[in-house]
Amino acid sequence: MDPTHRGPDEFGHDRNGSGEDAGRRRPTRDPLTPDFGQQTPQQARIVPLVSGDLLLTINPVDGSEVEPCRPGEQPAEPVRRTPAERADRERAAAPPVPPGPPVLQLPLLQREDERERLVRLLARGRSVRLTGPAGSGRTALLDAVAADCAQLAPDGVVRLSGHKRTVTDLLYGLFDAVHDAPLHRPDRALLLAKLRTTGAVVVLDDLEFGGAALDELFDATPECAFLLAATPDIAAPGADSHLEEVFLAGLDGAASVVLMERVVERPLTEEETNWAGDLWFESEGLPLRFVQAGALLRQRDLLRADPTAYDEYGYLDSRPAQAPLPAEAPELPLPSLGEGAAPAALLASRLSGAARDTLRFAVALGGEVPHQAHLPALVGDTHADAALGELAGCGLLSPAGSRYRLAAGVVAQLEAAGYGDDATGRARTAAQHYAWWAGHPSVTPARAVAESDAILAAMTQLVPGDGAGQTSVAVLLARSASPAFAAGLHWSAWEKSLRIGQEAARIAGEVAEEAYFHHELGVLALCTGNPDRARAELETSISMRGALADKPGAVAGRRALALVEDLSGGPAAGGVPLHEEIPVGRFEASSPGGPTLGLPVTMPRSYADETAVLSRQTAPKGAGRGTGGRFAVLGGARRNLVAAGAGVLLAGVLGTVVTLGLTSNSDPQDDPAVSTEQSVSEDDGSENELPADESTDDAVPHAPAPSATSSTPGPTGSEAAPTGSGSPSPGSSAPQDTPSSSGNPSSDGPSPSDKPTKSPRPTKSNPPPTSESPSSPSPSDTPSPTDSATGEPSLPDSSDSASGPSGVTSASADESAAPSESASVA
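Because the structure is a prediction, the values reported are computed rather than measured.

(A) Expanded view of the sheet that holds strand E8 (residues 184-185). Judged by pairing direction, the sheet is mixed, and its four strands sit side by side in the order E3-E2-E1-E8 without closing on themselves. The two strands at the open ends of the sheet, each matched to only one other strand, are strand E3 (65-68) and E8. Across five bridges, the pairing between strand E1 (residues 47-51) and strand E2 (residues 54-58) is antiparallel. Considered in E2, the bridge of Val 47 is made with Ile 58. Lying on the sheet, helix H21 (residues 511-527) is in contact with E1, E2 and E3; it crosses E2 at an angle near 155°.

Next comes the structure, spelled out in structure tokens:
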């Protein structure tokens, strides 16, 4: 039946008879048509990965979640890459080829001796540090040596970039280059175990650390030979590192002229040769200076051929067909010596508009050049990707890992020329673009990691920001990029982005985003083995999200904090700390992964006094099932529980035996332990029926029993008056040899020190007693001790009352026996 139109909905049955089911609603348009005016839900990239023994789920919405790996879900053992896989990975990690005309391949001049020496040392398994000033051609020499050492080591040659990288980054980079472990970040122990068996020639360019950090790198990789390239300002290695030093000097005058001729692609004139000689003295023969000087000469040749090449239309721009060409080449002077030594500004002034805008973005990002795929969106020109080829042909770029950055000294020269005046605005534009790009579902984490340096540079430029909205843009970029860095296993960039985002959120007053960054920092610290920092970050995040009523985020934080406490051996969140004193009325048994279970225990007063407080027992570390395992934690508490139950059972059995013996005796007068004058107060009877740790005011009423305060006929026919202590009331005619009830207390009755003795309450059936002379006790009876403070008779310990059945008289036995035997006693 159709819920809208009541009627048969079988095939062929309709209401209007037109052959079409009128009761069935039809769509108004094609379902593929987008819902205009409605917000499309944003897709979130949820990436699970394994870090050590923890399963980390990257959740960019509420915060990442971390939990121990379940049995059977551990990742497979990392396997070594084959030579073909290593070659494919190396080609993918190389800098992209700039679009446009092919970049000129320059020869390696005057480096034969250094090249042979480096190969010889690496073949012997020695590590070498190649030291040279910026622009001395270290990268070109490394490429040549790497090609010569391709077959030396079993794991081949591994190319790494030390630009803004730490020791940990390089260790994980080497592991990833040799082993195939997708979505798996091994812990420190497994990482070092795999690196100890790795035999490769590691070519490391742009090294930025030395000293103890470099020694740590060598100690972790004993089977690897390193070729390090660094500038002289980097700290020297330790004395025990056994590292060979090779210094790379500049070219001589003749080699400098040859290099310049290869760049200009023609022989130099006499004037240009003299100018090159002056430049050699100024630049100390650095090859980079002659590459840039050759680019100046090439631009001079273009100006002589076409004076309008760098005019109002711009070089490589679309020029109108009617633009006149010069009749003859004008004479242009050579650049000055200062322009030849610092040619970046002059070279940039003769480039296209897109290339100059690219340089402005690179200066705003601290020298990091965005990938060529981002240039059209940043510059606003569909052909802006060709600008990368212009910059590379002028010697303004140098490779850095899988990307390009401005060559040494270019940033300072361009800033002096005014290219950094609008750096903040350019950085904000780049941050907005990267925030949209990094958070797009189609962008893989590997692509985001390749652009991490430019993204971090954009965030750093905006924090702290003076302009309106700058810090908010930095927060948005950190929020979008940090999950991609985490999923791409570039955790140093993840940490930097989180810290920059947290500072930006604090400045901007965005508490919810600041709480998210604190949560992520706590998860990162937990995965890297720093529980103290993780606890501090997670507690801060939980408090912030609690103030914002962010329940999903607070729950994620509490879960991570509970895992921190479990791994660090501390108390769980909201639980009872270890070795805390626990009341006897409740034993807590913690089951792995389950809630805390409370076990109420009722104990007699004698046992409760001896074990009033119990301490939680902790199981020894590494205890297995054979030694108790996880159940060994409850060993002490379980023994106390068994002892308490045994005491309760013993008291009940003794009372039952006495009661049965009293009720089955045909002659009650023969039992000297029974007296018709004994009367137990109502309060004493109720206290004997309650647990030792509960109050009589809150007791649940039980089934009505014969009241001890009701009238009981005495031997003379008068009613016995109730007494609180069991002693004979004044005026009673009890025999002198009748024992007092205070001499034989109940085994589970309360002590006067814990609960005060209550006075008897008069009832309608039992009027208040009259003042008469008390009866004297029997000389054969033992006098009961009295309390010095109250004067009331005190009860002995239950251990004394449990000496024999004849010395135990429970309140229930007295109450049940008194009415039935009063006549016979009389």
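Here the narrative resumes.
(B) How the structure looks around the sheet that holds strand E11 (residues 244-247). Reading across from one edge, E6-E9-E10-E5-E11 is the order of the five strands in this open sheet, with parallel pairing throughout. A single partner strand is all that each edge strand has here, and the edge strands are strand E6 (157-161) and E11. Averaged over all pairs of adjacent strands, the angle between strand axes in this sheet comes to 15°, irrespective of strand direction. Relative to strand E10 (residues 225-230), strand E9 (residues 201-205) runs parallel, the two being bridged by four bridges. Paired with Val 202 across the two strands is Phe 226, which belongs to E10. Across the sheet, helix H2 (residues 112-123) touches strand E5 (128-131), E9, E10 and E11, and the angle it forms with E11 is around 165°. Against the sheet, helix H3 (residues 138-148) engages E5, E6, E9 and E10, with an angle of about 170° to E9.

(C) Structural detail: the packing of helix H12 (residues 353-364) against helix H16 (residues 423-438). The interhelical angle for the contact between H12 and H16, taken along N-to-C directions, is 90°, at an axis separation of 8 Å. Compared by their axis directions, H12 and H16 come out roughly perpendicular. Facing Asp 357, Arg 360, Phe 361 and Ala 364 of H12, the residues of H16 in contact are Ala 423, Arg 426, Ala 427, Thr 429 and Ala 430. Across the contact of H12 with H16, the residue classes break down as five nonpolar, one polar and three charged.

(D) Spatial organisation of unusual backbone geometry. Here the bond from Val 463 into Pro 464 is cis, since omega is -5°, no more than 30 degrees from zero. Residues other than glycine seldom take positive phi values, yet Leu 183 does so here, at roughly 55°. Tracing the chain through its elements places Leu 183 in the loop between strand E7 (179-180) and E8. The partly exposed category is assigned to Leu 183, whose relative accessible area is 42%.

(E) The arrangement of the packing of helix H19 (residues 470-487) against helix H20 (residues 491-508) in detail. Contact pair H19 / H20: the axes reach a minimum separation of 8 Å and the direction vectors enclose 155°. Taken together, the axis directions place H19 and H20 in an arrangement best described as roughly antiparallel. H19 and H20 meet at a crossing whose hand is left-handed. Contacts between H19 and H20 involve Thr 471, Ser 472, Ala 474, Val 475, Ala 478, Ser 482, Phe 485 and Ala 486 on the former and, on the latter, Trp 491, Ala 493, Trp 494, Ser 497, Leu 498, Gly 501, Ala 504, Ala 505, Ile 507 and Ala 508. When its residues are assigned to classes, the contact of H19 with H20 shows 13 nonpolar, five polar and no charged.

(F) Highlighting the pairing of E5. A two-sided burial pattern is seen for E5, the buried positions comprising Val 128 and Leu 130 on one face and Arg 129 and Thr 131 on the other. Note: E5 against E10, four bridges, orientation parallel. Paired with Arg 129 across the two strands is Leu 228, which belongs to E10. For E5 and E11, the ladder comprises four bridges, and the chain directions are parallel. Each residue of the ladder has a partner; that of Leu 130, found in E11, is Val 246.

(G) Focus on the pattern of salt bridges. Summed over the entire model, instances satisfying the criterion amount to 31 salt bridges. Its salt-bridge partner being Asp 301, residue Arg 266 comes within 2.9 Å of it at the nearest N-O pair. You can see Arg 266 sitting in the loop between helix H7 (253-264) and helix H8 (270-283) and its partner Asp 301 sitting in helix H9 (residues 287-305), a full 35 residues away along the chain. With a relative accessible area of 23%, Arg 266 lands in the partly exposed category. Classification of Asp 301 by relative accessible area gives partly exposed; the value is 23%. Where Arg 426 meets Asp 357, a salt bridge forms, and the shortest distance between an N and an O atom there is 3.7 Å. Remark: Asp 357 occurs in helix H12 and Arg 426 occurs in helix H16; sequence separation between them is 69 residues. Asp 357 shares its class with Arg 426; the two are buried.

(H) Representation of the nonpolar core in the model. Within the largest apolar cluster, 89 residues are counted, with the highest numbers of intra-cluster contacts made by Leu 56, Val 66, Leu 359, Leu 396, Leu 406, Leu 414 and Phe 485. At ten residues, H19 tops the list of elements feeding residues into this core. Apart from the residues within four sequence positions on either side, Leu 56 is in contact with Val 47, Pro 48, Leu 49, Ser 64, Glu 65, Val 66, Trp 491, Trp 494, Val 523 and Cys 527. By size, the runner-up hydrophobic cluster in this structure holds 29 residues, among which are Leu 191, Phe 226, Ala 230 and Leu 243.

(I) Representation of the side chain of Arg 81. As for its placement among the helices and strands, Arg 81 is situated in the loop between strand E4 (79-80) and helix H1 (83-93). In terms of polar contacts, Arg 81 uses its side chain to reach the backbone carbonyl oxygen of His 179, at 3.3 Å.

(J) Region of interest: H19. Taking 1.5 Å as the rise per residue, H19 with 18 residues should run 26 Å; its terminal C-alpha atoms sit 26 Å apart, in good agreement. Along H19, the largest kink reaches about 30° and is centred on Ala 481; proline Pro 483 follows within four residues of it. With 16 of 18 residues buried, H19 lies mostly within the body of the structure. Downstream of H19 by one or two residues, Leu 489 has phi in the positive range, about 65°.

(K) Focus on the packing of aromatic side chains. Scanning the model with the defined rule gives five aromatic pairs in all. Consider the rings of Phe 218 and Phe 226, whose centres lie 5.4 Å apart with planes at 55°: the pair is tilted. Side by side, Phe 218 and Phe 226 carry an identical accessibility label, which is buried. Measuring from ring centre to ring centre gives 6.2 Å for Tyr 434 and Trp 437, while their planes differ by 70°; the resulting arrangement is edge-to-face.

(L) Here's a closer look at H12. Its twelve residues place the ends of H12 17 Å apart at the C-alpha level, agreeing with the 16 Å of an ideal helix rising 1.5 Å per residue. Counting buried residues in H12 gives nine out of twelve residues, a clear majority hidden from the surface. Within H12, burial applies to Ala 354, Ala 355, Asp 357, Thr 358, Leu 359, Phe 361, Ala 362, Val 363 and Ala 364.

(M) Representation of the environment of Glu 272 within the structure. Mapped onto the elements of the fold, Glu 272 is located in helix H8. Taking C-alpha positions, Glu 272 is 8.7 Å from Leu 297, a pair spaced 25 residues apart along the chain. Once residues within four sequence positions are removed from consideration, Glu 272 is found in contact with Arg 266, Pro 267, Leu 297, Arg 300 and Leu 334.

(N) Main features of the pairing of strand E13 (residues 403-406). Bridge analysis of strand E12 (residues 397-400) against E13 gives four bridges, and the strand direction is antiparallel. Along E13, the bridge assignment pairs Ala 400 with Arg 403. Linking two consecutive strands that pair antiparallel, namely E12 and E13, is a turn of two residues; a positive phi of about 70° is found at Gly 401 within it.

(O) Structural context of the confidence of the model for the protein. Across the protein, the average pLDDT comes to 73, with 61% of residues at 70 or higher. Counting contacts from residues 1-40, a segment whose pLDDT is below 50, to residues more than four positions away or on other chains yields 20 contacts. Under a pLDDT of 50 for its full length, residues 311-319 has, in the predicted model, 15 contacts with residues more than four places off or in other chains.

So, how was this worked out
- Residues numbered from 1 in each chain as written.
- Predicted model: local features only at pLDDT ≥ 70, side-chain atom pairs only at ≥ 80, totals over all residues.
- Heavy atoms only, no water.
- Pairing = 2+ DSSP bridges.
- Helix = DSSP H or I, 4+ residues; strand = E, 2+ residues; numbered from the N terminus.
- Contact = heavy atoms within 4.5 Å.
- Axes fitted to C-alpha atoms, helices over the stretch in contact; angles between N-to-C directions.
- Parallel < 35°, antiparallel > 145°, perpendicular 65-115°, else oblique.
- Nonpolar A, V, L, I, M, F, W, Y, C, P; charged D, E, K, R; others polar.
- Buried < 20%, exposed > 50% of the residue type's maximum accessible area, 1.4 Å probe, protein only.
- Left-handed = near helix turned anticlockwise from the far one by under 90°.
- Salt bridge = Lys/Arg side-chain N within 4 Å of Asp/Glu carboxyl O.
- Core = buried A, V, L, I, M, F, W, Y, C linked by side-chain atoms within 4.5 Å.
- Polar contact = N/O pair within 3.5 Å; in protein donor to acceptor, adjacent residues only side chain to side chain.
- Expected span 1.5 Å × (residues − 1).
- Bend = angle between axes of the 7 residues up to and from the residue.
- Phe/Tyr/Trp six-rings, centres within 6.5 Å; stacked < 30°, edge-to-face > 60°.
- pLDDT = per-residue confidence, 0-100.

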